[in-house]
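Summary of the model geometry
This is what each chain is made of:
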Amino acid sequence: MDLIVTALILTVGFVIFFTSLVQRKLKGEKYPKCLPSFPLIGSLLSLRSNLPPHLHFQNLQKTYGSLFSLMMGPRYVVVINNYQYAKEVLLKKGKLFAGRPSLVSTDLLSRDGKGIAFANYSPTWRFHRKLVQSNIYQCGNGLETLEELICKEVTSICTMLEQFVDAPLDLMTEVSRMVTNVISLLCFNSSYEKGDPEFQKMLDYSQGIVETVGRDNLMDVFSWLQYFPNEALQTLKRSIASRDSILHRKFEEHKANYNSESINDLLDSLLKAQENVKNNNSPIPGPHLTDDHLQMTMADIFGAGVETTSTTIAWIILYLLHHPQVQTKIQEEIENNVGHERPPKISDRCNLHFLNATISETLRIQPVAPLLIPHVALVDTSIGDYTIPKDSNVIINLWAIHHDEKEWKSPGTYDPTRFLDTEGKYMHSPSPSFLPFGAGPRVCVGEVLTKMQLFLFFATFLQRFTVEVPAGHQLAGLIGKSGIVQQPEKFKIQLKSRKAWKGCVS
(Lines give C-alpha, C1' and ligand atoms only; values in the text may rest on other atoms or scores of the structure.)
Protein backbone atom coordinates (compact mmCIF):
# COMPACT_ATOMS: atom_id res chain seq x y z
CA MET A 1 0.00 0.00 0.00
CA ASP A 2 2.79 2.41 0.95
CA LEU A 3 4.50 1.61 -2.36
CA ILE A 4 1.34 2.48 -4.32
CA VAL A 5 0.92 5.75 -2.44
CA THR A 6 4.55 6.67 -3.07
CA ALA A 7 4.21 5.88 -6.77
CA LEU A 8 1.09 8.06 -6.99
CA ILE A 9 2.85 10.95 -5.26
CA LEU A 10 5.81 10.70 -7.63
CA THR A 11 3.53 10.55 -10.65
CA VAL A 12 1.54 13.58 -9.53
CA GLY A 13 4.77 15.46 -8.78
CA PHE A 14 6.09 14.60 -12.22
CA VAL A 15 2.91 15.83 -13.93
CA ILE A 16 2.89 19.06 -11.89
CA PHE A 17 6.52 19.72 -12.75
CA PHE A 18 6.04 19.25 -16.48
CA THR A 19 2.80 21.24 -16.44
CA SER A 20 4.79 24.07 -14.85
CA LEU A 21 7.44 23.81 -17.58
CA VAL A 22 4.80 23.90 -20.33
CA GLN A 23 3.18 26.98 -18.79
CA ARG A 24 6.52 28.77 -18.55
CA LYS A 25 7.37 27.82 -22.13
CA LEU A 26 4.11 29.44 -23.22
CA LYS A 27 5.46 32.63 -21.65
CA GLY A 28 8.46 32.43 -23.98
CA GLU A 29 11.01 30.85 -21.69
CA LYS A 30 13.49 28.46 -23.27
CA TYR A 31 14.56 25.18 -21.65
CA PRO A 32 17.30 22.68 -22.50
CA LYS A 33 16.19 19.89 -24.80
CA CYS A 34 15.01 16.99 -22.62
CA LEU A 35 15.52 13.25 -23.03
CA PRO A 36 12.26 11.31 -23.43
CA SER A 37 10.61 11.07 -20.00
CA PHE A 38 7.70 9.14 -18.53
CA PRO A 39 5.72 9.38 -15.31
CA LEU A 40 7.41 7.79 -12.29
CA ILE A 41 10.56 6.56 -14.05
CA GLY A 42 11.49 9.81 -15.82
CA SER A 43 14.28 9.35 -18.40
CA LEU A 44 15.68 6.10 -17.02
CA LEU A 45 14.92 4.21 -20.24
CA SER A 46 17.08 6.67 -22.19
CA LEU A 47 19.92 6.24 -19.69
CA ARG A 48 20.30 2.51 -20.23
CA SER A 49 23.76 1.92 -21.68
CA ASN A 50 26.76 -0.37 -21.43
CA LEU A 51 28.89 2.77 -21.25
CA PRO A 52 29.70 4.56 -17.98
CA PRO A 53 27.55 7.70 -17.46
CA HIS A 54 30.21 10.23 -18.52
CA LEU A 55 30.71 8.50 -21.87
CA HIS A 56 26.98 8.00 -22.38
CA PHE A 57 26.32 11.70 -21.68
CA GLN A 58 29.11 12.60 -24.10
CA ASN A 59 27.43 10.54 -26.82
CA LEU A 60 23.96 11.95 -26.08
CA GLN A 61 25.14 15.46 -26.85
CA LYS A 62 25.34 14.48 -30.53
CA THR A 63 21.54 14.30 -30.47
CA TYR A 64 20.55 16.71 -27.71
CA GLY A 65 23.35 19.28 -27.78
CA SER A 66 26.10 20.14 -25.32
CA LEU A 67 23.49 21.23 -22.76
CA PHE A 68 20.49 18.96 -22.25
CA SER A 69 18.16 17.87 -19.50
CA LEU A 70 16.59 14.67 -18.22
CA MET A 71 14.34 13.44 -15.44
CA MET A 72 16.12 11.21 -12.91
CA GLY A 73 12.87 9.81 -11.57
CA PRO A 74 11.21 12.93 -10.09
CA ARG A 75 14.45 14.94 -10.13
CA TYR A 76 15.12 17.49 -12.92
CA VAL A 77 18.75 17.25 -14.05
CA VAL A 78 20.73 19.42 -16.46
CA VAL A 79 23.86 17.94 -18.05
CA ILE A 80 26.70 20.17 -19.29
CA ASN A 81 29.25 18.85 -21.77
CA ASN A 82 31.22 21.95 -22.80
CA TYR A 83 33.44 24.52 -21.15
CA GLN A 84 31.43 27.64 -21.95
CA TYR A 85 28.39 26.44 -20.03
CA ALA A 86 30.54 24.91 -17.27
CA LYS A 87 32.33 28.24 -16.82
CA GLU A 88 29.01 30.00 -16.36
CA VAL A 89 27.87 27.50 -13.72
CA LEU A 90 31.16 27.19 -11.82
CA LEU A 91 32.55 30.73 -12.09
CA LYS A 92 30.21 33.44 -13.41
CA LYS A 93 27.24 32.16 -11.40
CA GLY A 94 29.15 29.98 -8.98
CA LYS A 95 27.18 31.03 -5.89
CA LEU A 96 23.84 30.56 -7.63
CA PHE A 97 24.76 26.97 -8.49
CA ALA A 98 26.67 26.16 -5.28
CA GLY A 99 24.01 23.88 -3.78
CA ARG A 100 24.27 20.12 -3.37
CA PRO A 101 21.48 17.57 -3.95
CA SER A 102 20.04 15.60 -1.05
CA LEU A 103 20.55 11.93 -1.93
CA VAL A 104 20.14 8.84 0.21
CA SER A 105 23.77 7.77 -0.18
CA THR A 106 25.39 11.17 0.35
CA ASP A 107 23.02 12.07 3.21
CA LEU A 108 24.10 8.88 5.00
CA LEU A 109 27.73 9.58 4.21
CA SER A 110 27.59 13.15 5.50
CA ARG A 111 25.07 12.80 8.35
CA ASP A 112 22.44 14.76 6.44
CA GLY A 113 24.65 17.19 4.57
CA LYS A 114 27.27 18.19 7.13
CA GLY A 115 30.94 18.78 6.41
CA ILE A 116 32.27 20.27 3.16
CA ALA A 117 31.84 18.03 0.10
CA PHE A 118 28.09 17.28 0.33
CA ALA A 119 26.89 20.20 2.47
CA ASN A 120 24.65 22.82 0.93
CA TYR A 121 25.97 26.31 0.35
CA SER A 122 25.45 28.31 3.55
CA PRO A 123 27.29 30.52 6.08
CA THR A 124 28.16 27.36 8.03
CA TRP A 125 29.61 25.70 4.94
CA ARG A 126 31.65 28.81 4.06
CA PHE A 127 32.96 29.02 7.62
CA HIS A 128 34.03 25.35 7.65
CA ARG A 129 35.71 25.60 4.27
CA LYS A 130 37.62 28.73 5.23
CA LEU A 131 38.80 27.10 8.45
CA VAL A 132 40.01 24.00 6.65
CA GLN A 133 41.72 25.86 3.82
CA SER A 134 43.56 28.27 6.09
CA ASN A 135 44.70 25.61 8.55
CA ILE A 136 45.90 23.08 5.96
CA TYR A 137 48.33 25.60 4.53
CA GLN A 138 49.21 27.43 7.72
CA CYS A 139 50.30 24.55 9.91
CA GLY A 140 53.67 25.34 11.46
CA ASN A 141 55.50 27.47 8.91
CA GLY A 142 52.87 26.91 6.25
CA LEU A 143 53.81 25.39 2.91
CA GLU A 144 57.41 24.88 3.98
CA THR A 145 56.33 22.61 6.83
CA LEU A 146 53.85 20.89 4.53
CA GLU A 147 56.65 20.17 2.06
CA GLU A 148 58.80 18.65 4.80
CA LEU A 149 55.89 16.47 5.90
CA ILE A 150 55.23 15.21 2.36
CA CYS A 151 58.94 14.65 1.63
CA LYS A 152 59.33 12.59 4.78
CA GLU A 153 56.48 10.26 3.79
CA VAL A 154 57.65 10.04 0.16
CA THR A 155 61.21 9.20 1.24
CA SER A 156 59.88 6.60 3.66
CA ILE A 157 57.86 4.75 1.01
CA CYS A 158 60.68 4.88 -1.55
CA THR A 159 63.15 3.48 0.99
CA MET A 160 60.72 0.70 1.86
CA LEU A 161 60.19 -0.11 -1.83
CA GLU A 162 63.91 -0.88 -2.26
CA GLN A 163 63.29 -4.32 -0.74
CA PHE A 164 60.69 -5.15 -3.41
CA VAL A 165 62.83 -4.40 -6.47
CA ASP A 166 62.66 -6.95 -9.33
CA ALA A 167 59.52 -8.69 -8.02
CA PRO A 168 55.84 -8.23 -8.98
CA LEU A 169 54.33 -5.68 -6.64
CA ASP A 170 50.93 -4.17 -5.90
CA LEU A 171 52.15 -0.66 -5.20
CA MET A 172 48.87 1.00 -4.37
CA THR A 173 48.47 -0.17 -0.77
CA GLU A 174 51.69 1.57 0.20
CA VAL A 175 50.88 4.61 -1.93
CA SER A 176 47.55 4.89 -0.10
CA ARG A 177 49.35 4.64 3.24
CA MET A 178 51.72 7.43 2.22
CA VAL A 179 48.84 9.72 1.20
CA THR A 180 46.85 8.74 4.28
CA ASN A 181 49.77 9.59 6.54
CA VAL A 182 50.08 13.08 5.05
CA ILE A 183 46.39 13.73 5.68
CA SER A 184 46.44 12.04 9.09
CA LEU A 185 49.42 14.11 10.26
CA LEU A 186 47.67 17.29 9.15
CA CYS A 187 44.36 16.33 10.75
CA PHE A 188 45.31 14.29 13.83
CA ASN A 189 49.09 14.63 14.17
CA SER A 190 49.39 10.84 13.85
CA SER A 191 50.42 8.33 11.18
CA TYR A 192 50.33 4.61 10.35
CA GLU A 193 53.14 2.06 10.14
CA LYS A 194 53.20 -0.66 7.49
CA GLY A 195 50.75 -3.42 8.35
CA ASP A 196 48.72 -1.36 10.83
CA PRO A 197 45.29 -3.09 11.14
CA GLU A 198 43.48 0.23 11.53
CA PHE A 199 44.93 1.40 8.22
CA GLN A 200 43.68 -1.78 6.53
CA LYS A 201 40.28 -1.06 8.03
CA MET A 202 40.42 2.41 6.47
CA LEU A 203 41.26 0.94 3.05
CA ASP A 204 38.32 -1.46 3.31
CA TYR A 205 35.72 1.11 4.30
CA SER A 206 36.98 3.59 1.71
CA GLN A 207 36.60 1.02 -1.05
CA GLY A 208 33.11 0.17 0.19
CA ILE A 209 32.11 3.85 -0.07
CA VAL A 210 33.64 4.27 -3.53
CA GLU A 211 31.80 1.19 -4.78
CA THR A 212 28.38 2.35 -3.57
CA VAL A 213 28.23 6.16 -3.89
CA GLY A 214 27.59 7.52 -7.37
CA ARG A 215 27.32 4.16 -9.13
CA ASP A 216 23.87 4.22 -10.76
CA ASN A 217 22.25 3.56 -7.40
CA LEU A 218 18.47 3.48 -7.82
CA MET A 219 17.87 4.40 -4.17
CA ASP A 220 19.30 7.84 -5.02
CA VAL A 221 16.63 8.16 -7.70
CA PHE A 222 13.75 6.69 -5.70
CA SER A 223 14.50 7.31 -2.04
CA TRP A 224 11.76 4.91 -0.89
CA LEU A 225 13.87 1.98 -2.13
CA GLN A 226 16.09 2.41 0.94
CA TYR A 227 13.34 0.68 2.97
CA PHE A 228 13.62 -2.52 0.94
CA PRO A 229 16.45 -5.14 0.96
CA ASN A 230 19.39 -3.48 -0.75
CA GLU A 231 22.89 -4.97 -0.89
CA ALA A 232 24.55 -1.69 -1.94
CA LEU A 233 22.88 0.15 0.93
CA GLN A 234 24.04 -2.45 3.45
CA THR A 235 27.61 -2.21 2.12
CA LEU A 236 27.48 1.56 2.41
CA LYS A 237 26.11 1.44 5.97
CA ARG A 238 28.80 -1.06 7.05
CA SER A 239 31.51 1.10 5.50
CA ILE A 240 30.19 4.25 7.18
CA ALA A 241 29.97 2.48 10.55
CA SER A 242 33.58 1.34 10.17
CA ARG A 243 34.67 4.86 9.23
CA ASP A 244 32.77 6.42 12.12
CA SER A 245 34.22 4.06 14.71
CA ILE A 246 37.73 5.29 13.85
CA LEU A 247 36.66 8.88 13.47
CA HIS A 248 34.77 8.94 16.78
CA ARG A 249 37.69 7.48 18.72
CA LYS A 250 40.17 10.00 17.30
CA PHE A 251 37.74 12.84 17.89
CA GLU A 252 37.12 11.91 21.53
CA GLU A 253 40.86 11.51 22.16
CA HIS A 254 41.45 15.00 20.78
CA LYS A 255 38.67 16.50 22.86
CA ALA A 256 40.04 14.88 26.01
CA ASN A 257 43.53 16.26 25.38
CA TYR A 258 42.52 19.58 23.84
CA ASN A 259 44.42 22.66 24.97
CA SER A 260 43.45 25.96 23.38
CA GLU A 261 47.01 27.21 23.94
CA SER A 262 48.53 24.35 21.94
CA ILE A 263 47.08 23.89 18.45
CA ASN A 264 48.91 21.00 16.76
CA ASP A 265 46.68 19.96 13.88
CA LEU A 266 43.51 20.70 11.94
CA LEU A 267 41.17 19.03 14.43
CA ASP A 268 42.61 21.20 17.21
CA SER A 269 41.84 24.24 15.05
CA LEU A 270 38.26 23.10 14.53
CA LEU A 271 37.82 22.46 18.25
CA LYS A 272 39.12 25.95 18.95
CA ALA A 273 36.62 27.39 16.46
CA GLN A 274 33.86 25.39 18.18
CA GLU A 275 34.96 26.82 21.53
CA ASN A 276 34.88 30.36 20.12
CA VAL A 277 31.33 29.84 18.85
CA LYS A 278 30.23 28.65 22.28
CA ASN A 279 31.88 31.71 23.86
CA ASN A 280 30.34 34.03 21.24
CA ASN A 281 33.80 34.88 19.89
CA SER A 282 33.12 33.63 16.36
CA PRO A 283 33.66 36.03 13.43
CA ILE A 284 30.44 34.68 11.87
CA PRO A 285 27.19 34.91 13.81
CA GLY A 286 25.72 31.54 14.65
CA PRO A 287 27.68 29.05 12.50
CA HIS A 288 26.80 25.47 13.40
CA LEU A 289 29.84 23.72 14.81
CA THR A 290 28.39 20.63 16.44
CA ASP A 291 30.54 17.56 16.96
CA ASP A 292 28.81 16.03 13.92
CA HIS A 293 29.82 19.00 11.76
CA LEU A 294 33.45 18.72 12.86
CA GLN A 295 33.61 14.96 12.39
CA MET A 296 32.07 15.12 8.92
CA THR A 297 34.52 17.85 7.92
CA MET A 298 37.38 15.52 8.90
CA ALA A 299 35.71 12.62 7.09
CA ASP A 300 35.47 14.71 3.91
CA ILE A 301 39.16 15.63 4.06
CA PHE A 302 40.11 11.97 4.38
CA GLY A 303 37.56 10.71 1.88
CA ALA A 304 38.40 13.23 -0.83
CA GLY A 305 42.08 13.79 -0.08
CA VAL A 306 43.20 10.18 0.19
CA GLU A 307 41.09 8.49 -2.48
CA THR A 308 41.48 11.07 -5.25
CA THR A 309 45.25 11.53 -4.77
CA SER A 310 45.94 7.79 -4.54
CA THR A 311 43.80 7.11 -7.61
CA THR A 312 45.57 9.84 -9.59
CA ILE A 313 48.95 8.30 -8.72
CA ALA A 314 47.65 4.93 -9.93
CA TRP A 315 46.53 6.42 -13.25
CA ILE A 316 49.85 8.20 -13.80
CA ILE A 317 51.80 4.98 -13.15
CA LEU A 318 49.51 3.07 -15.50
CA TYR A 319 50.00 5.64 -18.27
CA LEU A 320 53.78 5.46 -17.74
CA LEU A 321 53.55 1.70 -18.28
CA HIS A 322 51.64 2.31 -21.53
CA HIS A 323 54.08 5.05 -22.60
CA PRO A 324 57.59 4.10 -21.37
CA GLN A 325 59.13 6.87 -23.49
CA VAL A 326 57.36 9.40 -21.27
CA GLN A 327 58.94 7.83 -18.18
CA THR A 328 62.38 7.94 -19.80
CA LYS A 329 62.02 11.60 -20.68
CA ILE A 330 60.98 12.50 -17.11
CA GLN A 331 63.99 10.65 -15.73
CA GLU A 332 66.32 12.46 -18.09
CA GLU A 333 64.82 15.76 -16.96
CA ILE A 334 65.37 14.83 -13.31
CA GLU A 335 68.98 13.86 -13.98
CA ASN A 336 69.67 17.15 -15.75
CA ASN A 337 67.98 19.40 -13.18
CA VAL A 338 68.15 17.58 -9.85
CA GLY A 339 70.73 14.84 -10.20
CA HIS A 340 71.05 12.01 -7.67
CA GLU A 341 72.92 13.63 -4.81
CA ARG A 342 69.79 15.00 -3.15
CA PRO A 343 66.06 14.32 -3.18
CA PRO A 344 63.82 16.64 -5.22
CA LYS A 345 62.22 19.67 -3.57
CA ILE A 346 59.13 21.66 -4.42
CA SER A 347 61.42 24.44 -5.71
CA ASP A 348 62.47 22.03 -8.49
CA ARG A 349 58.98 22.31 -9.92
CA CYS A 350 60.00 25.35 -11.97
CA ASN A 351 62.63 23.23 -13.81
CA LEU A 352 60.85 19.86 -14.18
CA HIS A 353 58.56 21.00 -16.98
CA PHE A 354 57.91 17.62 -18.57
CA LEU A 355 57.02 16.00 -15.24
CA ASN A 356 54.49 18.77 -14.57
CA ALA A 357 53.11 18.34 -18.08
CA THR A 358 52.75 14.57 -17.58
CA ILE A 359 50.80 15.03 -14.35
CA SER A 360 48.49 17.56 -16.02
CA GLU A 361 47.96 15.43 -19.12
CA THR A 362 46.93 12.47 -16.95
CA LEU A 363 44.50 14.67 -15.01
CA ARG A 364 43.08 15.81 -18.34
CA ILE A 365 42.71 12.51 -20.14
CA GLN A 366 41.60 10.57 -17.07
CA PRO A 367 39.82 12.92 -14.63
CA VAL A 368 39.41 11.10 -11.33
CA ALA A 369 35.89 12.51 -10.84
CA PRO A 370 34.59 12.56 -14.43
CA LEU A 371 31.20 14.01 -13.45
CA LEU A 372 32.37 16.05 -10.44
CA ILE A 373 29.85 16.23 -7.58
CA PRO A 374 26.45 17.49 -8.81
CA HIS A 375 25.50 21.13 -8.20
CA VAL A 376 22.05 22.49 -7.42
CA ALA A 377 20.52 25.79 -8.58
CA LEU A 378 19.65 27.76 -5.45
CA VAL A 379 17.37 30.19 -7.33
CA ASP A 380 15.57 30.44 -10.67
CA THR A 381 18.40 31.33 -13.04
CA SER A 382 19.79 30.59 -16.50
CA ILE A 383 22.65 28.98 -18.39
CA GLY A 384 23.28 30.71 -21.68
CA ASP A 385 19.86 31.32 -23.23
CA TYR A 386 18.23 28.52 -21.25
CA THR A 387 16.02 28.92 -18.19
CA ILE A 388 17.08 26.78 -15.23
CA PRO A 389 14.46 26.40 -12.47
CA LYS A 390 15.40 26.55 -8.80
CA ASP A 391 16.40 23.15 -7.32
CA SER A 392 17.56 21.81 -10.70
CA ASN A 393 20.48 19.41 -10.37
CA VAL A 394 23.40 20.32 -12.63
CA ILE A 395 25.96 17.72 -13.70
CA ILE A 396 29.27 18.94 -15.14
CA ASN A 397 30.63 16.26 -17.47
CA LEU A 398 34.32 16.98 -16.94
CA TRP A 399 35.24 14.01 -19.11
CA ALA A 400 33.45 15.50 -22.13
CA ILE A 401 35.01 18.92 -21.47
CA HIS A 402 38.51 17.42 -21.27
CA HIS A 403 37.89 15.46 -24.47
CA ASP A 404 36.26 18.24 -26.48
CA GLU A 405 37.83 18.41 -29.96
CA LYS A 406 37.04 22.14 -30.10
CA GLU A 407 39.31 22.70 -27.10
CA TRP A 408 41.91 19.95 -27.45
CA LYS A 409 43.77 18.61 -30.48
CA SER A 410 43.40 14.81 -30.66
CA PRO A 411 41.91 14.65 -27.14
CA GLY A 412 41.99 10.85 -27.01
CA THR A 413 45.77 10.81 -27.48
CA TYR A 414 48.02 10.82 -24.41
CA ASP A 415 50.42 13.68 -25.12
CA PRO A 416 52.12 15.57 -22.25
CA THR A 417 53.72 17.97 -24.73
CA ARG A 418 50.35 19.71 -25.17
CA PHE A 419 51.12 21.31 -21.78
CA LEU A 420 54.48 22.69 -22.98
CA ASP A 421 55.03 25.94 -24.85
CA THR A 422 57.31 26.38 -27.87
CA GLU A 423 60.32 26.69 -25.52
CA GLY A 424 59.47 23.44 -23.74
CA LYS A 425 58.28 25.18 -20.58
CA TYR A 426 55.25 24.02 -18.64
CA MET A 427 51.94 25.78 -19.22
CA HIS A 428 49.22 25.42 -16.62
CA SER A 429 46.81 24.86 -19.48
CA PRO A 430 46.76 25.32 -23.24
CA SER A 431 42.97 25.65 -22.85
CA PRO A 432 40.88 27.30 -20.11
CA SER A 433 38.73 24.15 -20.19
CA PHE A 434 41.30 22.28 -18.06
CA LEU A 435 39.38 21.93 -14.78
CA PRO A 436 40.68 18.81 -12.94
CA PHE A 437 39.79 20.23 -9.51
CA GLY A 438 36.61 22.02 -10.54
CA ALA A 439 36.40 25.81 -10.22
CA GLY A 440 34.61 28.58 -8.38
CA PRO A 441 33.19 28.48 -4.84
CA ARG A 442 33.22 24.67 -4.74
CA VAL A 443 36.68 24.11 -6.19
CA CYS A 444 38.56 21.29 -4.43
CA VAL A 445 39.81 22.62 -1.08
CA GLY A 446 42.90 20.38 -1.24
CA GLU A 447 44.07 21.35 -4.73
CA VAL A 448 47.43 22.80 -3.63
CA LEU A 449 48.11 19.87 -1.30
CA THR A 450 47.30 17.31 -3.99
CA LYS A 451 49.56 19.01 -6.55
CA MET A 452 52.43 19.07 -4.06
CA GLN A 453 52.01 15.37 -3.27
CA LEU A 454 51.84 14.34 -6.92
CA PHE A 455 54.94 16.33 -7.87
CA LEU A 456 57.11 15.32 -4.91
CA PHE A 457 56.12 11.66 -5.14
CA PHE A 458 56.85 11.26 -8.84
CA ALA A 459 60.01 13.36 -8.80
CA THR A 460 61.43 11.20 -6.00
CA PHE A 461 59.99 7.89 -7.20
CA LEU A 462 61.29 8.25 -10.77
CA GLN A 463 64.63 9.53 -9.51
CA ARG A 464 65.10 6.16 -7.79
CA PHE A 465 63.10 3.65 -9.83
CA THR A 466 61.99 2.63 -13.28
CA VAL A 467 58.55 1.02 -13.37
CA GLU A 468 57.83 -1.88 -15.74
CA VAL A 469 55.20 -4.52 -16.42
CA PRO A 470 56.24 -7.74 -14.60
CA ALA A 471 57.20 -10.68 -16.79
CA GLY A 472 54.18 -12.89 -17.42
CA HIS A 473 51.70 -10.14 -16.49
CA GLN A 474 49.40 -8.37 -18.91
CA LEU A 475 49.48 -4.62 -19.24
CA ALA A 476 46.33 -3.35 -17.51
CA GLY A 477 43.82 -1.47 -19.63
CA LEU A 478 42.92 2.21 -19.43
CA ILE A 479 39.18 1.77 -18.89
CA GLY A 480 38.29 2.70 -15.34
CA LYS A 481 35.58 1.55 -12.95
CA SER A 482 32.96 4.27 -12.98
CA GLY A 483 31.75 5.81 -9.72
CA ILE A 484 32.17 8.90 -7.58
CA VAL A 485 35.89 8.27 -8.17
CA GLN A 486 37.00 6.53 -11.36
CA GLN A 487 39.59 3.93 -10.41
CA PRO A 488 41.74 1.88 -12.78
CA GLU A 489 41.56 -1.88 -12.55
CA LYS A 490 44.07 -3.40 -10.14
CA PHE A 491 47.50 -4.01 -11.61
CA LYS A 492 50.98 -5.07 -10.55
CA ILE A 493 54.28 -3.46 -11.44
CA GLN A 494 57.94 -4.35 -11.28
CA LEU A 495 60.48 -1.85 -9.99
CA LYS A 496 64.04 -1.53 -11.25
CA SER A 497 66.52 0.44 -9.18
CA ARG A 498 68.22 3.05 -11.32
CA LYS A 499 71.99 2.62 -11.59
CA ALA A 500 72.72 6.28 -10.99
CA TRP A 501 70.71 6.15 -7.76
CA LYS A 502 72.50 2.99 -6.63
CA GLY A 503 75.77 4.76 -7.17
CA CYS A 504 74.58 7.66 -5.04
CA VAL A 505 73.58 5.59 -2.01
CA SER A 506 76.38 3.00 -2.06
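Residues numbered from 1 in each chain as written. Predicted model: local features only at pLDDT ≥ 70, side-chain atom pairs only at ≥ 80, totals over all residues. Heavy atoms only, no water.

Okay, the packing of helix H7 (residues 172-188) against helix H8 (residues 197-210) next. Running from N to C, H7 and H8 cross one another at 100°; their axes reach a closest spacing of 11 Å. Considered as vectors, H7 and H8 are oriented roughly perpendicular to each other. For the pair formed by H7 and H8, the contact residues are Thr173, Ser176, Arg177 and Thr180 on the first element and Phe199, Met202 and Leu203 on the second. Split into classes, the residues belonging to the contact of H7 with H8 amount to 3 nonpolar, 3 polar and 1 charged. (Axes fitted to C-alpha atoms, helices over the stretch in contact; angles between N-to-C directions. Helix = DSSP H or I, 4+ residues; strand = E, 2+ residues; numbered from the N terminus. Parallel < 35°, antiparallel > 145°, perpendicular 65-115°, else oblique. Contact = heavy atoms within 4.5 Å. Nonpolar A, V, L, I, M, F, W, Y, C, P; charged D, E, K, R; others polar.)

Further remarks concern the packing of helix H11 (residues 291-322) against helix H13 (residues 353-365). Between H11 and H13, the least distance of the axes is 10 Å, while the angle of their chain directions is 105°. Regarding the angle of H11 to H13, the classification is roughly perpendicular. Residues Thr312, Trp315, Ile316, Tyr319 and Leu320 of H11 lie in contact with H13, whose contacting residues are Thr358, Ile359, Thr362, Leu363 and Ile365.

This part covers the pairing of strand E2 (residues 67-72). Within E2, 6 of the 6 residues are buried, which leaves the element mostly enclosed by the surrounding structure. The two faces of E2 match: Leu67, Ser69 and Met71 on one face and Phe68, Leu70 and Met72 on the other face are all buried. Direction of pairing for strand E1 (residues 33-34) relative to E2: parallel, over a ladder of 2 bridges. Bridge pairing in E2 links Cys34 to Ser69. Between the parallel elements E1 and E2, the chain passes through helix H2 (residues 53-64) in a crossover that is right-handed. Taken together, the 6 bridges between E2 and strand E3 (residues 75-80) define a ladder with antiparallel strand orientation. By the bridge assignment for E3, Leu70 is matched with Val77. (Buried < 20%, exposed > 50% of the residue type's maximum accessible area, 1.4 Å probe, protein only. Pairing = 2+ DSSP bridges. Right-handed = clockwise from strand over helix to strand, strands pointing away.)

Our focus in this paragraph is the sheet that holds strand E9 (residues 465-468). Here we have 3 strands laid out as an open sheet, ordered E4-E10-E9, and antiparallel in their pairing. With one partner strand each, in any of the chains shown, strand E4 (168-169) and E9 form the two edges of the open sheet. Where E4 meets strand E10 (residues 493-497), 2 bridges bridge the pair, whose relative direction is antiparallel. Across the sheet, the residue bridging to Leu169 is Ile493, located in E10.

This part is about the pairing of strand E8 (residues 393-396). Along E8, one buried face is formed by Asn393 and Ile395 and the opposite face, lined by Val394 and Ile396, is buried too. In terms of strand pairing, E3 meets E8 through 4 bridges, oriented parallel. Along E8, the bridge assignment pairs Ile80 with Ile396. Relative to E8, strand E5 (residues 375-376) runs antiparallel, the two being bridged by 2 bridges. The residue bridging His375 from the neighbouring strand is Val394, located in E8.

Keep in mind that these numbers describe shape and distance, not what the molecule does.
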